[in-house]
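Given next are the chains, with one letter for each unit.
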Amino acid sequence: MGQTPSTGQWIQGSSGATANVKTMWDGRFLYVFAKVSDTLLSDASSNPWEEDSLEIFIDQNLGKTPYYQADDAQYRVNFDNVQSYGGSASSAKMTSSVLTVAGGYHIEAAIDLDAITEQSETLIGFDPGGMILEDDGEVKIYYGASDTVECVATADVDDLVKLCLEQSVLK
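Keep in mind that this is a model prediction, so the values were computed, not measured. (Residues numbered from 1 in each chain as written. Predicted model: local features only at pLDDT ≥ 70, side-chain atom pairs only at ≥ 80, totals over all residues. Heavy atoms only, no water.)

Considering the overall build of the chain
Helix and strand counts for the chain come out as one helix and 12 strands. Counting from the amino terminus, helix and strand elements in the chain follow one another as β-β-β-β-β-β-β-β-β-β-β-β-α. Out of the 171 residues belonging to the chain, those deemed buried represent 39%. Intrachain contacts of the chain at a sequence separation of at least 6 include 47% that bridge at least 24 residues. Accessible area for the chain stands at about 9300 Å²; split by element, carbon and sulfur atoms hold 49% of it. (Helix = DSSP H or I, 4+ residues; strand = E, 2+ residues; numbered from the N terminus. Buried < 20%, exposed > 50% of the residue type's maximum accessible area, 1.4 Å probe, protein only. Contact = heavy atoms within 4.5 Å. Areas by Shrake-Rupley, 256 points an atom, 1.4 Å probe, with all protein chains shown as cover.)

In structure tokens, the structure reads:
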């Protein structure tokens, strides 16, 4: 089995938060589990996107449009389990739990995929803070924190799929 996706490369700055993120989909819900390492947690900003948090963007029909459609949603949960939303996202569509641990926090989230019906080979757009699939199968996952750092994690798409199929993170 490949490596667990993890962060450790910074686009801006030379240090900051890191995270290991795992996902799973059962056809109705997208499950996200993130272990965030960050010793400087802040929710001081009045803008939720500038707080230490995990942002998840979902494009259920994989339309890849430059604007929000009815199936597009932006979910955010900070280290205190405070949620905020954009697009079609709402508190009725996401359940989350956060555990603060020494040196960071863990987030578990379940998001209702209510705009699609599960079918063989169904694809959805999913962005935990920003994700790009390169032609060679490398996935780049971008994320940031209120520490003014933008980070990127890399993983092989086949390793990610295998992890999702083999490991259940919400029990």
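Picking up after the structure, the text goes on.
Quick look at the packing of aromatic side chains
Across all of its chains, the model carries three aromatic pairs by this definition. For the pair Phe79 and Tyr105, a centre-to-centre distance of 6.1 Å together with 50 degrees between the ring planes defines the contact as tilted. Here Phe79 is found in the loop between β5 (72-78) and β6 (83-87), whereas its partner Tyr105 is found in strand β8 (residues 104-112), with 26 residues between them in sequence. Here the two residues Phe79 and Tyr105 agree in accessibility, since each one is buried. (Phe/Tyr/Trp six-rings, centres within 6.5 Å; stacked < 30°, edge-to-face > 60°.)

So, the side chain of Ser96
Of note, Ser96 is situated in strand β7 (residues 94-101). Polar contacts involving the side chain of Ser96 include one to the side chain of Asn81, which spans 2.5 Å. Within the structure, the side chain of Ser96 is placed 2.7 Å from the side chain of Gln83, a separation counted as a polar contact. If sequence neighbours within four positions are ignored, Ser96 has contacts with Val77, Asn81, Gln83, Glu108 and Ala109. (Polar contact = N/O pair within 3.5 Å; in protein donor to acceptor, adjacent residues only side chain to side chain.)

A short note on the pairing of β7
In the sheet, β7 pairs with β8 via eight bridges, with the strands oriented antiparallel. From the neighbouring strand, Thr95 faces β8, where its bridge partner is Ala110. Here β7 hands over to β8 after two residues, with Gly103 in that stretch at a positive phi of 85 degrees. (Pairing = 2+ DSSP bridges.)

Quick look at the side chain of Asn78
Examined against the element boundaries, Asn78 turns out to sit in strand β5. Relative accessible area serves as the criterion here: at 2%, Asn78 is assigned to the buried category. The residues contacting Asn78, other than those within four sequence positions of it, are Asp43, Glu51, Asp52, Ser53 and Val98.

What to know about the nonpolar core
Ranked by size, the top nonpolar core spans 23 residues in total, and within it Ile56, Ile58 and Tyr75 carry the most contacts. For this core, the elements supplying multiple residues, two or more each, are β2 (18-25), β3 (29-37), β4 (53-59), β5, β7 and β8. (Core = buried A, V, L, I, M, F, W, Y, C linked by side-chain atoms within 4.5 Å.)

Details of the pairing of β5
Counting buried positions along β5 gives seven out of seven residues, so the element sits mostly inside the fold. The alternating pattern of β5 places Asp72, Gln74, Arg76 and Asn78 on one face and Ala73, Tyr75 and Val77 on the opposite face, and all of these are buried. Judged from the seven bridges that link them, β4 and β5 form a sheet pairing that is antiparallel. Bridge pairing in β5 places Ile56 opposite Tyr75. Examined bridge by bridge, β5 and β6 share five bridges and lie antiparallel to one another. Residue pairing across strands places Tyr75 opposite Tyr85, the latter belonging to β6.

Brief notes about the pattern of salt bridges
Within this structure, the stated rule accounts for three salt bridges. With its nearest N and O atoms 2.6 Å apart, the salt bridge here joins Glu55 to Arg76. Residue Glu55 is found in strand β4, and its partner Arg76 is found in strand β5; the two are separated by 21 residues along the sequence. (Salt bridge = Lys/Arg side-chain N within 4 Å of Asp/Glu carboxyl O.)

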